[in-house]
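Architecture at a glance
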Amino acid sequence: MNKKGDNMEFDTKTFKENDAKYYMQAFSRDIMIVKGKGSKVWDSNGKEYIDCVAGIAVCSTGHCHPEVVKAICEQAHELIHCSNLYYIPGQSDLAKELTGYTSTSKAFFSNSGAEAMEGALKLARLATKRKNFVSFMHGFHGRTMGALAVTHKPTIREPFEPLEPKCSYVEYGDLESLRKTVDDTTAGVLLEPIQGEAGVIIPSPDFIRGVREVCDEKGALLIDDEIQTGLGRTGKWLAIEHSGVKPDIVTLAKGIASGFPMGAILARDDLEFQKSEHGSTFAGGPLACAAARASLRIINDLLPGIPEKGNLFKELISSCSPRGLGLMIGFTLGDKCPLVQKRCAEAGVLVNCAADGNMRLVPPLVITDEEIRTVASVINNSLK
Ligand SMILES: *Cc1c(COP(=O)(O)O)cnc(C)c1O
């Protein structure tokens, strides 16, 4: 499977030329991945990698998990799409399973993380009859206009202003500023329980509990963006569980359906869209629900083993002072980060530089101890 020529005749050169000529160049990339299985992927030259990017925390059950492939194929033979004008096979089952795992009450589906954020913003405005939001510096909530408005990073947001809703940004971890900023116009506070795109920044559990208190004092909703941290990534269904806090609204996406595009908004019992207040042509379709239900069953089995795998990983790369919860691990390299990413790829390990010289490791949750050992030694060698 990993040998060049075996079912993998790709003309990479022509592909790259066509990409440069015909595809909008919003990404910088070099490798073309053509096959995946478990924690491994293969590029167009047949080179094998252990994948610690996993489609950016998406392929939690590993690449092409047989049960996910089976669920998608079986559903594709029955019904691919029918519209939310009709009851959709698997949709309410998935809603029941997801809300059960996360101690929430109701779900609504979307096709991506950003779109889940849009729904959460709408729901918060409806529920509170307030207009504004507060979020945290270096946070990331997506690239559609509403999600972008609550995303702090000026370089990705400012070119698209003016944006709605109005949002104020507070230093992550600074409860005093938060208390001063949230007021009776604030519909919701958007919180990543661990900042992912910023480079795996982990706040104290006291900070998260403080955010809950401020929201309660000011009557704002706590919107917990678990798009990257959720669904087993940190060893719990939701990362916010580590601090014992209950959010009002939760957004999910990335790992929910093993790479089939899907997102979800979960909410407490009294927060709900009424007839025609929200909708989507594709969201929560039969294929997405089938992929998600299979994924959740697999994640449920993997969950107990995640903390130990994360600890092993951190121990083996302790010289880089890693931080992390479960299999969401980061360490700071500064200017060296892109070079280390390149060296790791050359040595057959995919890793990803997030913002500000922070290396991010979000491997499939199925990664084996042996693969973790291999990855760790490649990382350690790449630092020399
Ligand atoms: C990836 C991400 C998003 C956006 O998800 P998309 O599916 O890319 O729109 C939002 N919030 C967080 C925390 C993310 O990591």
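All values reported here derive from a predicted model rather than from experimental measurement.

Here we take up the sheet that holds strand β12 (residues 328–332). The four strands lie next to each other as β11-β12-β15-β14, forming an open sheet whose pairing is antiparallel. Of all strands in the sheet, those bounded by a partner on one side alone are β11 (323–325) and β14 (352–353). With four bridges joining them, β12 and strand β15 (residues 358–361) adopt antiparallel strand pairing. What sits directly across from Thr332, in β15, is Asn358.

Turning next to the state of the cysteines. If you walk through the whole model with that rule in mind, you get zero disulfides. No disulfide involves Cys289; its sulfur sits 9.6 Å from the nearest other cysteine sulfur, which is in Cys82.

The next thing to look at is the side chain of Gln75. Locating Gln75 in the fold gives a position in helix α3 (residues 66–78). Dropping the residues within four chain positions of it, Gln75 is found in contact with Ile80, Pro286, Leu287 and Ala290.

This part is about helix α13 (residues 369–382). Its 14 residues give α13 an end-to-end C-alpha distance of 20 Å, which sits within 8% of 20 Å, the value for a rise of 1.5 Å per residue. Along α13, the positions that sit buried rather than exposed are Glu371, Ile372, Val375, Ala376, Val378, Ile379 and Ser382. The arc that holds every buried residue of α13, seen down its axis, measures 165 degrees, which confines them to one face.

Time to look at the environment of Gly324. You can see Gly324 is positioned in strand β11. Gly324 sits 131 residues away from Pro193 along the chain, and the two C-alpha atoms are 12 Å apart. The residues contacting Gly324, other than those within four sequence positions of it, are Ile202, Lys314 and Ile329.

Following the criterion strictly, the structure yields one cavity of 30 Å³ or more and no others. A volume near 50 Å³ is recorded for the largest cavity. Together, Ala57, Ser60, Glu226, Ile227, Gln228, Gly230, Leu231, Leu252, Ala253, Lys254, Gly255 and Ile256 line the largest cavity. Of the residues that constitute the lining of the largest cavity, the class distribution is six nonpolar, four polar and two charged.

Our next topic: the site of the ligand. Around the ligand sit Ser112, Gly113, Ala114, Phe140, His141, Gly142, Glu192, Asp225, Ile227, Gln228 and Lys254, and those are all the residues in its vicinity. Measuring from an oxygen atom of the ligand, one finds a backbone N or O atom of Ala114 at 2.7 Å. Relative to its free-state accessible area of 380 Å², the ligand is covered by the protein chains to the extent of 80%. Split into classes, the residues belonging to the shell around the ligand amount to three nonpolar, five polar and three charged.

Turning to the layout of surface pockets, a few remarks are in order. Considered as a void within the structure, the second largest pocket measures approximately 820 Å³ in volume. Together, 28 residues line the second largest pocket, and Gln91, Ala107, Phe108, Glu272 and Phe273 are the ones closest to its centre. Those elements that provide at least two residues to the lining of the second largest pocket are α4 (91–102), β4 (106–110) and β10 (263–267). Take the lining of the second largest pocket: its biggest share by element is four residues, from β4. The residue inventory of the lining of the second largest pocket, partitioned by class, reads 15 nonpolar, nine polar and four charged.

Let us look at unusual backbone geometry. Omega for the peptide link from Glu161 to Pro162 comes to 5 degrees, which places this bond in the cis form. Tracing the chain through its elements places Pro162 in the loop between α7 (154–157) and β6 (167–170). Backbone geometry at Ala57 places phi at a positive 60 degrees, although glycine is not the residue there. The class of Ala57 is buried, set by a relative accessible area of 2%. One non-glycine residue, Asp356, adopts positive backbone phi at about 55 degrees. Examined against the element boundaries, Asp356 turns out to sit in the loop between β14 and β15. Of the residues examined, Asp356 reaches a relative accessible area of 58% and is grouped as exposed.

Below, the discussion takes up the environment of Gly139. Topologically, Gly139 is positioned in the loop between β5 (132–136) and α6 (145–149). Along the primary structure Gly139 and Glu192 are separated by 53 residues, whereas in three dimensions their C-alpha atoms are 7.1 Å apart. Among all residues touching Gly139, those that are not within four sequence positions of it are Thr151, His152, Lys153, Glu192 and Gln195.

Burial of strand β8 (residues 221–225) is extensive: five of the five residues sit out of reach of the surface. Of the two faces of β8, the one holding Leu221, Ile223 and Asp225 and the one holding Leu222 and Asp224 are both buried throughout. Summarising the sheet, strand β7 (residues 186–191) and β8 pair through four bridges and their orientation is parallel. Each bridged residue has a counterpart across the sheet, and for Gly188 the counterpart in β8 is Leu221. The parallel pair β7 and β8 is bridged by helix α9 (residues 205–218), and the resulting crossover is right-handed. Looking at chain direction, β8 and strand β9 (residues 249–252) are connected through three bridges and run parallel. For Asp224, the partnering residue across the bridge sits in β9 and is Val250.

Let's shift gears to the confidence of the model for the protein chain. Looking at the protein chain, pLDDT values average 96 and 98% of them are 70 or higher. In this model, residues 1–5 is a region of pLDDT below 50 whose contacts with residues beyond four sequence positions or in other chains number nine contacts.

Criteria and cut-off values
- Residues numbered from 1 in each chain as written.
- Predicted model: local features only at pLDDT ≥ 70, side-chain atom pairs only at ≥ 80, totals over all residues.
- Heavy atoms only, no water.
- Pairing = 2+ DSSP bridges.
- Helix = DSSP H or I, 4+ residues; strand = E, 2+ residues; numbered from the N terminus.
- Disulfide = S-S within 2.5 Å.
- Contact = heavy atoms within 4.5 Å.
- Expected span 1.5 Å × (residues − 1).
- Buried < 20%, exposed > 50% of the residue type's maximum accessible area, 1.4 Å probe, protein only.
- Arc of directions from axis to C-beta.
- 1 Å grid on protein atoms, 1.4 Å probe; cavity = no way out; pocket = protein on both sides within 12 Å on 5 of 7 lines; lining within 4 Å.
- Points joined across faces, edges and corners; volume = space filled by probe spheres on them.
- Nonpolar A, V, L, I, M, F, W, Y, C, P; charged D, E, K, R; others polar.
- Near = heavy atom within 4 Å.
- Polar contact = N/O pair within 3.5 Å; in protein donor to acceptor, adjacent residues only side chain to side chain.
- Areas by Shrake-Rupley, 256 points an atom, 1.4 Å probe, with all protein chains shown as cover.
- Right-handed = clockwise from strand over helix to strand, strands pointing away.
- pLDDT = per-residue confidence, 0-100.

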